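# Overview (structure and organization)
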Amino acid sequence: MADLRNNFVGIKSPNPFWLASAPPTDKAYNVERAFKAGWGGVVWKTLGEEGPPVVNVNGPRYGAIWGADRRLLGFNNIELITDRDLYVNLREMKQVKMNWPDRALIASIMVPCEENAWKAILPLVEETGADGIELNFGCPHGMSERGMGSAVGQVPEYIEMVVRWCKQYTRMPVITKLTPNITDIRKPARAAKAGGTDAVSLINTINSITGVNLDTFSPEPSIDGRGSHGGYCGPAVKPIALNMVAEIARDPETYGLPISGIGGVTTWRDAAEFMALGAGNVQVCTAAMTYGFKIVQEMITGLSDWMDAKGHRTLDDISGRAVPNVTDWQYLNLNYIAKAKIDQDACIKCGRCHIACEDTSHQAITQFVNGVRHFEVIEEECVGCNLCVNVCPVENCITMEPLAAGTLDRRTGKPVDPNYANWTTHPNNPMARQAAE
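Residues numbered from 1 in each chain as written. Predicted model: local features only at pLDDT ≥ 70, side-chain atom pairs only at ≥ 80, totals over all residues. Heavy atoms only, no water.

Under an unreviewed UniProt entry, the name given to the protein chain is dihydrouracil dehydrogenase (NAD(+)), and the organism recorded is Rhizobium meliloti. Comment text from UniProt for the protein chain, heading Subunit (unreviewed entry), reads "Heterotetramer of 2 PreA and 2 PreT subunits." Checking UniProt for the protein chain, the heading Function (unreviewed entry) contains the comment "Involved in pyrimidine base degradation. Catalyzes physiologically the reduction of uracil to 5,6-dihydrouracil (DHU) by using NADH as a specific cosubstrate. It also catalyzes the reverse reaction and the reduction of thymine to 5,6-dihydrothymine (DHT)." (UniProt positions renumbered as here; feature names shortened; annotations may be inferred.)

## Looking at the overall build of the protein chain
Each helix and strand in the protein chain was counted, giving 13 helices and 22 strands. In terms of its C-alpha atoms, the protein chain occupies a principal-axis envelope of roughly 80 × 55 × 50 Å. Put simply, the protein chain has 437 residues, and 49% of those count as buried. Taking contacts inside the protein chain between residues at least 6 apart in sequence as the whole, the part at least 24 apart equals 70%. Summing over all exposed atoms, the protein chain offers an accessible surface of approximately 21300 Å²; the carbon and sulfur share of this is 51%. (Helix = DSSP H or I, 4+ residues; strand = E, 2+ residues; numbered from the N terminus. Buried < 20%, exposed > 50% of the residue type's maximum accessible area, 1.4 Å probe, protein only. Contact = heavy atoms within 4.5 Å. Areas by Shrake-Rupley, 256 points an atom, 1.4 Å probe, with all protein chains shown as cover.)

## A few points about a negative patch on the surface
A surface patch of negative charge is lined by E49, E50, D85 and E114. Here E50 lies in the loop between β4 (41-47) and β5 (62-66). For E50, a relative accessible area of 54% puts it in the exposed group. (Patch = residues over 30% accessible without salt bridge, like charges linked within 9 Å, V, L, I, M, F, W, Y side chains within 5 Å. Salt bridge = Lys/Arg side-chain N within 4 Å of Asp/Glu carboxyl O. Lys, Arg positive; Asp, Glu negative; His and termini not counted. Charge placed at Lys NZ, Arg CZ, Asp CG, Glu CD.)

## Some words on the packing of aromatic side chains
Each aromatic ring pair is characterised by the separation of its centres together with the angle its planes make. Overall, the coordinates contain five aromatic pairs when judged by the stated rule. Consider the rings of F8 and W18, whose centres lie 5.9 Å apart with planes at 85 degrees: the pair is edge-to-face. Pair noted here: F8 is in strand β1 (residues 6-8) and W18 is in strand β3 (residues 17-19), with a separation of 10 residues, a long-range link. Here the two residues F8 and W18 agree in accessibility, since each one is buried. With a centroid separation of 6.5 Å and an interplanar angle of 75 degrees, the aromatic rings of W118 and F137 are classed as edge-to-face. One end of the pair, W118, is in helix α3 (residues 115-126); the other, F137, is in the loop between β8 (132-136) and α4 (150-153), and 19 residues separate them in sequence. Residue class for W118 comes out buried when judged on its relative accessible area of 2%. (Phe/Tyr/Trp six-rings, centres within 6.5 Å; stacked < 30°, edge-to-face > 60°.)

## Observations concerning the domain arrangement of the protein chain
Here the domain parsing of the protein chain yields domain 1 (4-323) and domain 2 (328-414). Between domain 1 and domain 2, the C-alpha centre-to-centre distance is 41 Å. (Domains from an automatic or database assignment.)

## Looking at the pairing of strand β10 (residues 199-202)
The two faces of β10 match: A199 and S201 on one face and V200 and L202 on the other face are all buried. One crossover worth recording links strand β9 (residues 174-177) to the parallel β10 by way of helix α6 (residues 186-194), and it is right-handed. Inspection of the sheet shows β10 paired to strand β15 (residues 259-262) by three bridges, in the parallel sense. Along β15, the bridge assignment pairs L202 with G261. (Right-handed = clockwise from strand over helix to strand, strands pointing away. Pairing = 2+ DSSP bridges.)

## Notes on the layout of surface pockets
The gaps of empty space that remain are located by a probe, the size of a water molecule, rolled over the atoms. By volume, the largest pocket is sized at about 410 Å³. For the largest pocket, the lining is made up of 21 residues, of which G278, A279, G280, D316 and S319 are closest to its centre. A per-element tally of the lining of the largest pocket places β1 first, with three residues. Taken together, the residues of the lining of the largest pocket break down into 10 nonpolar, eight polar and three charged. (1 Å grid on protein atoms, 1.4 Å probe; cavity = no way out; pocket = protein on both sides within 12 Å on 5 of 7 lines; lining within 4 Å. Points joined across faces, edges and corners; volume = space filled by probe spheres on them. Nonpolar A, V, L, I, M, F, W, Y, C, P; charged D, E, K, R; others polar.)

## Comments concerning unusual backbone geometry
For the peptide bond that leads from L202 to I203, omega is 10 degrees, which places it in the cis range. Position of I203 among the secondary structure elements: in the loop between β10 and β11 (206-208). The omega angle of the peptide bond from E220 to P221 is -5 degrees, so this bond is cis rather than trans. Its identity is not glycine, yet K349 carries a phi of approximately 65 degrees, on the positive side. Checked against the element boundaries, K349 lands in the loop between β17 (338-342) and α11 (352-360). Of note in the backbone geometry, Q363 takes a positive phi value of approximately 50 degrees without being a glycine. Topologically, Q363 is positioned in the loop between α11 and β18 (368-369).

Below, the structure is given as structure tokens:
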């Protein structure tokens with residue numbers, strides 16, 4: 001049976017599924033329920049400095065994007081860091097860690113970008129017995145207007161500076177949580193590494209407005225007729241998160257930097273994809289808020305069953321396995337040729353493949369053959385774009401079939417070249433021509 005035990009920068013947990021710093025981890029009651037359900041660890045909702053707690057709105061805090069079946073696809077959150085007293089949180093954290101010594105408990109922290117503020121809070125957190133800290137450099141709303149959250153995460157120099165302070169004033173492992181609201185995620189990751197961080201976690205939420213009420217003309221969620229931008233999360237952000245995790249994992253300057261993957265993890269498969277792209281574990285929020293804490297049981301069982309079926313014994317067997325296969329467009333093999341193929345037995349004759357290809361692609365799928373409704377790929381026109389695969393409502397009805405080397409490509413009239421070739425040496429590339437000259 002697969003061993004799901006996780007060791008992330010020395011922080012041990014029985015499985016790689018942690019709850020992210022968010023409303024589900026705001027108090028001992030929630031965290032205890034999460035651990036009973038089977039979560040391997042939690043990142044406690046972000047703590048602020050000593051003094052009057054932050055003030056949250058008393059109305060709606062969430063907006064949503066739904067699929068046609070009302071399934072939650074994207075989630076918008078305007079809630080701030082914990083609005084509970086710092087010392088109440090610290091006492092509860094200490095007790096929870098005593099009750100659950102085998103689970104990972106990480107303290108998320110956000111205080112002003114001043115050395116004394118960090119120096120003051122770190123010993124208080126350390127005294128709880130927490131396994132590590134996560135620096136919240138990602139919150140895009142509310143706190144960023146106060147010079148914290150993403151206001152720090154968008155400035156690599158600030159990231160490096162604060163990480164250095166934390167490494168100086170605590171023995172605990174430091175995880176730096178990065179904001180996606182930036183052009184190049186590699187730069188803040190490099191800064192965190194330069195400051196001595198033990199790991200990075202990403203992505204935090206994406207700046208967003210999920211919708212506008214067309215009766216009141218107020219963004220949602222609406223507070224007394226007005227709305228604000230918030231943080232976007234949920235399944236819809238997973239592709240963005242996967243790319244950013246991969247960018248850090250394959251960057252020569254951050255290669256090998258431990259990563260905790262966050263962003264739309266809803267199933268065991270999502271978790272496996274994050275780990276394949278370099279994450280050492282994953283953090284979950286929206287899925288727990290949508291389906292409850294027991295969803296982790298499906299994640300654990302699914303990941304374990306898949307690893308058993310594939311012969312993977314430990315998480316190390318899958319972590320980073322996909323990273324060597326991530327490349328830049330210019331290095332993709334231009335001599336690779338694939339064509340769409342429709343399984344006529346599985347086809348339900350809906351015609352979606354035809355109309356998508358006819359209207360928006362390459363007119364490579366028939367609608368009628370000999371006067372009968374029939375959908376078939378016209379190989380002479382098919383460029384292998386796979387649009388039809390993605391719009392077909394029947395799984396595996398349309399597949400992409402590679403052409404073997406030497407096979408005639410009916411579209412070009414040329415045999416498939418067995419040799420690898422990419423854009424850097426292609427004769428149509430102006431840069432390649434200049435280099436040759």
